[in-house]
Amino acid sequence: MKINTFKDPIQVHRAVAKEIIEAIQQRPNLVLGLSTGSTPLGTYAELVKDHQENGTDYGQVITFNLDEYEGLDPNDPKSYRHFMNQHLFGHLNINQKNTHVPLGTGDIEKECRDYEDRIKSAEGIDIQLLGIGINGHIGFNEPGTSFDTYTHAAELSEDTILANSKFFESPNQVPTRAITMGIKSILQAKRIFLIALGLSKAQVIKGMVSGPVSESLPASVLQNHADVTLFLNEEAASLL
Ligand code: F6R
């Protein structure tokens, strides 16, 4: 695991954005795995700024988001599809048809199977961007999730519901279930970038990097991947 530590979040976001932009320049049809939550917002702002100032071309880029809440329509302002359109896709020259976010409504089991097929048809993910939950989740793979999972329907833990209530009026409005890429789907990405910011992530980053590989801390499985880079600010790295 390569660990890049920066003083401030803005430096973290610039470093991640730079890697992504260089990868797109090298491979214009890059397949990018994306995440939501508060952590990648600064990175997305940097990508948008670069596109506006330097014209980085997203015309052939393909994206796959990690997850979506079950029961939320793509037009729902709280859906992850809406989040991605608002913070990233809507500001780039990306073809909406090339942006994939699991559909949280309709036949969920079929959507999970189809999502994996779509990733396969794109010949896999080149770079997967991840955040991390304070309980060690990646995507919505909560502690206890089997390392053998592909895209599946998942129950959110109480910690996650509470953490994600920052995007809702109250915790009881947070959906309790989601579709998420599984641990196996994530590990199949050729490169993985994980961003963590702030003191609240310090403990879990320590466990992920130096603790045992265990389903009780899902992100620890990243120790088994050959090309993982962590992008941390000093606070998140403070217990390493
Ligand atoms: C979001 C996702 C989650 C978040 C994690 C951290 O698509 O997959 O695993 O990355 O919950 O969320 P924030 O960034 O809000 O701390």
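As the structure is a prediction and not an experimental result, all values here were calculated from the model.

Quick look at the layout of surface pockets now. A volume near 450 Å³ is recorded for the largest pocket. In terms of lining, the largest pocket is formed by 27 residues, of which the most central are G37, I132, G133, H137 and K201. Residues of the lining of the largest pocket, tallied by class, amount to 10 nonpolar, 13 polar and 4 charged.

What follows concerns the side chain of H51. Within the secondary structure, H51 sits in helix α2 (residues 41-54). Those residues in contact with H51, other than ones at most four positions away along the chain, are T56, Y58, H91, L92 and N93.

Take the site of the ligand next. Not every one of the 14 residues close to the ligand is listed here, only the nearest: T39, D67, H137, G139 and K201. Contacts to the ligand include T36, whose side-chain N or O atom sits 2.8 Å from an oxygen atom. Between T39 and the ligand, the recorded distance is 2.4 Å, taken from a side-chain N or O atom to an oxygen atom. For the ligand, whose free accessible area comes to 410 Å², the fraction covered by protein is 94%.

Time to look at the pattern of salt bridges. The full count for this structure, using the stated rule, is 12 salt bridges. D126 is paired through a salt bridge with R27; the nearest N and O atoms lie 2.6 Å apart. Of this pair, D126 sits in the loop between α4 (108-121) and β6 (127-130) while R27 is found in the loop between α1 (9-26) and β2 (31-34), placing the two residues 99 residues apart along the sequence. For D126, a relative accessible area of 8% translates into the label buried.

Where two aromatic rings form a pair, the distance of their centres and the angle of their planes describe that pair. Across all of its chains, the model carries 8 aromatic pairs by this definition. With a centroid separation of 5.3 Å and 70 degrees between ring planes, the pair formed by F193 and F231 is classed as edge-to-face. On the criterion of sequence distance, the pair formed by F193 in strand β9 (residues 191-196) and F231 in strand β10 (residues 228-233) is long-range, its members being 38 residues apart. You'll find F193 and F231 in the same group, each marked buried. Ring-pair connections join several aromatic residues into one group, and the members of that group are Y69, Y80, F83, F140, F167 and F168. Its end group placed over the ring of F168, K78 keeps NZ or CZ at 5.7 Å from the ring centre.

Moving on, we come to the nonpolar core. If you look at the biggest cluster of nonpolar residues, it comprises 31 residues, and the most contacted ones within it are F64, L130, I132, I138, L194, M208 and L222. Every element with two or more residues in this core is listed here: β3 (62-65), α4, α6 (183-187), β9, α7 (202-210) and β10. Excluding its chain neighbours within four sequence positions, the residues that come into contact with L194 are L130, G131, I132, I138, I205, M208, L222, T229, L230 and F231. I24, L30, L34 and L47 belong to the second-largest nonpolar core, a separate cluster that totals 28 residues.

Ordered by their spatial adjacency, 3 strands build an open sheet running β4-β8-β7, and the pairing between neighbours is antiparallel. Either end of the sheet is taken by a strand with one partner, and the two such strands are β4 (67-69) and β7 (152-155). The mean inter-strand angle of the sheet, taken between neighbouring strand axes irrespective of direction, is 30 degrees. As judged from the 4 bridges shared by β7 and strand β8 (residues 177-180), these two strands associate in the antiparallel manner. Looking at the pairing, H152 lines up with T180 of β8. Against the sheet, α4 touches β7 and β8, its axis set at about 120 degrees to β7.

Now for the side chain of H152. Its place among the elements puts H152 in strand β7. By relative accessible area, which is 18% here, H152 ends up buried. Of the polar contacts made by the side chain of H152, one reaches the backbone oxygen of Y150; its length is 2.7 Å. Sequence-distant contacts of H152, that is, excluding residues within four places in its chain, are made with C112, N141, T145, A178, I179, T180, M181 and G182.

Spanning 18 residues, α1 covers 26 Å between terminal C-alpha atoms, matching the ideal 26 Å at 1.5 Å per step. Listed as buried for α1 are V12, H13, A15, V16, A17, I20, I21, A23 and I24. Here the buried face of α1 lies against β1 (2-6), β2, α2, β6, β9 and β10.

Calculation rules
Residues numbered from 1 in each chain as written. Predicted model: local features only at pLDDT ≥ 70, side-chain atom pairs only at ≥ 80, totals over all residues. Heavy atoms only, no water. 1 Å grid on protein atoms, 1.4 Å probe; cavity = no way out; pocket = protein on both sides within 12 Å on 5 of 7 lines; lining within 4 Å. Points joined across faces, edges and corners; volume = space filled by probe spheres on them. Nonpolar A, V, L, I, M, F, W, Y, C, P; charged D, E, K, R; others polar. Helix = DSSP H or I, 4+ residues; strand = E, 2+ residues; numbered from the N terminus. Contact = heavy atoms within 4.5 Å. Near = heavy atom within 4 Å. Polar contact = N/O pair within 3.5 Å; in protein donor to acceptor, adjacent residues only side chain to side chain. Areas by Shrake-Rupley, 256 points an atom, 1.4 Å probe, with all protein chains shown as cover. Salt bridge = Lys/Arg side-chain N within 4 Å of Asp/Glu carboxyl O. Buried < 20%, exposed > 50% of the residue type's maximum accessible area, 1.4 Å probe, protein only. Phe/Tyr/Trp six-rings, centres within 6.5 Å; stacked < 30°, edge-to-face > 60°. Lys NZ or Arg CZ within 6 Å of the ring centre and 35° of its normal. Core = buried A, V, L, I, M, F, W, Y, C linked by side-chain atoms within 4.5 Å. Pairing = 2+ DSSP bridges. Axes fitted to C-alpha atoms, helices over the stretch in contact; angles between N-to-C directions. Expected span 1.5 Å × (residues − 1).

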